[in-house]
Amino acid sequence: NAGVTQTPKFRILKIGQSMTLQCTQDMNHNYMYWYRQDPGMGLKLIYYSVGAGITDKGEVPNGYNVSRSTTEDFPLRLELAAPSQTSVYFCASSRDSNSPLHFGNGTRLTVT
Amino acid sequence: EDKVVQSPLSLVVHEGDTVTLNCSYEVTNFRSLLWYKQEKKAPTFLFMLTSSGIEKKSGRLSSILDKKELFSILNITATQTGDSAIYLCAVQTNRDDKIIFGKGTRLHILP
């Protein structure tokens, strides 16, 4: 099993550009999460999903959008990139609400 | 607003020392507390705690939860340089399915 796979690993965007961070998991997990981690900080929850067709806002959703059309995929969309969105983005999944998170290896995004 | 606070934020010790990392929380309708270790990339799971007073142990690492005082500690005995990492504490509530993280403790073990 590949677990949680994130692409790309690195990306540089110009201010105002848009992009989609991809996340896919092959563990048939219902729950999926997107976090961002700024230098010296913990993880901040952006959006999460408890199953296909269901998404909810986390702590810092502004500037982002998500969709969950399948159990496997949970892409994160940045519409108008801003320097404040420079961060490392982690996707994670869990089987259910009583199970620990499995993390992908992250996407390092720089907006200049 | 739900809150998870870890202390210290940074810690440097010598190999062989014992360290205690702290995590306090203020959340509505607590479900579980989780500890993760983050080295270069993705956090890896250490412990999930749901009940007060029951110690979870894995090798030199152990953790315990106090639901009355709203905190948890993570102990590492006989530290090794491979224990150098960021240790993250997270809390999940029954109200929704969010998992909220603290800022982490950056631990550095000197040889």
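Numbers given to residues run from 1 along each chain, matching the order in which its sequence is written. Each chain takes a letter, starting from A, and each ligand takes a number, starting from 1, following the order in which they are written. Side-chain atom pairs in this predicted model are given and counted only at pLDDT of 80 or more, local residue features only at pLDDT of at least 70, and totals for whole chains, interfaces and linings cover all residues. Computation of side-chain values: all heavy atoms of the structure, hydrogens and water removed.

S.K.: What's the story with the interface of chain B and chain A in this structure? I'm lost.
M.R.: Residues count as neighbours in contact if any of their non-hydrogen atoms are within 4.5 Å of one another. Contact residues are listed per partner, giving 19 residues for chain B and 23 residues for chain A. Carbon and sulfur atoms make up 60% of the surface buried where chain B meets chain A, a total of about 1800 Å² over both sides. Among the residues of chain B in contact with chain A, B:Asp97, B:Ile99 and B:Phe101 are the three that bury the most area, contributing 27% of the side total. The term salt bridge refers to a side-chain nitrogen of Lys or Arg lying within 4 Å of a carboxyl oxygen of Asp or Glu. Seen at the junction of chain B and chain A, the total is 0 salt bridges. Polar contacts, as counted here, are pairs of nitrogen or oxygen atoms within 3.5 Å of one another; within protein the pair requires one atom able to donate a hydrogen and one able to accept it, and residues that are adjacent in sequence qualify only if both atoms are side-chain atoms. On the surface where chain B and chain A come into contact, there are 6 residue pairs in polar contact (both at pLDDT 80 or more). Every element with two or more residues in the side of chain B that touches chain A is listed here: β4 (30-38), β5 (44-49), β9 (85-93) and β10 (99-101) of chain B. Across the side of chain B that touches chain A, the residue classes break down as 10 nonpolar, 3 polar and 6 charged. A quick way to say it: buried area is the sum, across both parts, of accessible area lost when two parts are put together, with a 1.4 Å probe. A helix here means a DSSP run of H or I that spans at least four residues, while a strand means a run of E at least two residues long, and both kinds are numbered starting from the N terminus. Ten residue types, Ala, Val, Leu, Ile, Met, Phe, Trp, Tyr, Cys and Pro, are classed as nonpolar, four, Asp, Glu, Lys and Arg, as charged, and the remainder, Gly among them, as polar.

S.K.: Just to check I follow, could you spell out the layout of surface pockets for this structure?
M.R.: To find leftover empty space, one rolls a probe the size of a water molecule over the atoms. A cavity here means a set of 1 Å grid points, computed over protein atoms only, where a 1.4 Å probe fits but cannot escape. A pocket is an open set with protein on both sides within 12 Å along at least 5 of 7 lines, and lining residues have an atom within 4 Å of a point. Grid points are joined across faces, edges and corners, and a volume is the space filled by probe spheres set on the points. Considered as a void within the structure, the largest pocket measures approximately 680 Å³ in volume. Lining the largest pocket are 32 residues, and of these A:Phe90, A:Arg108, B:Gln38, B:Lys40 and B:Lys41 sit closest to its centre. In terms of residue count, the dominant contributor to the lining of the largest pocket is strand β1 (residues 4-7) of chain A (4 residues). Classifying every residue of the lining of the largest pocket by side-chain character gives 12 nonpolar, 13 polar and 7 charged. Looking at the second largest pocket, its volume works out to about 200 Å³. Sorting the residues of the lining of the second largest pocket by element identifies β5 (43-51) of chain A together with β1 (3-7) and β10 of chain B as the ones contributing at least two each. Partitioned by chemical class, the residues of the lining of the second largest pocket number 5 nonpolar, 2 polar and 6 charged.

Structural measurements only, silent on function.
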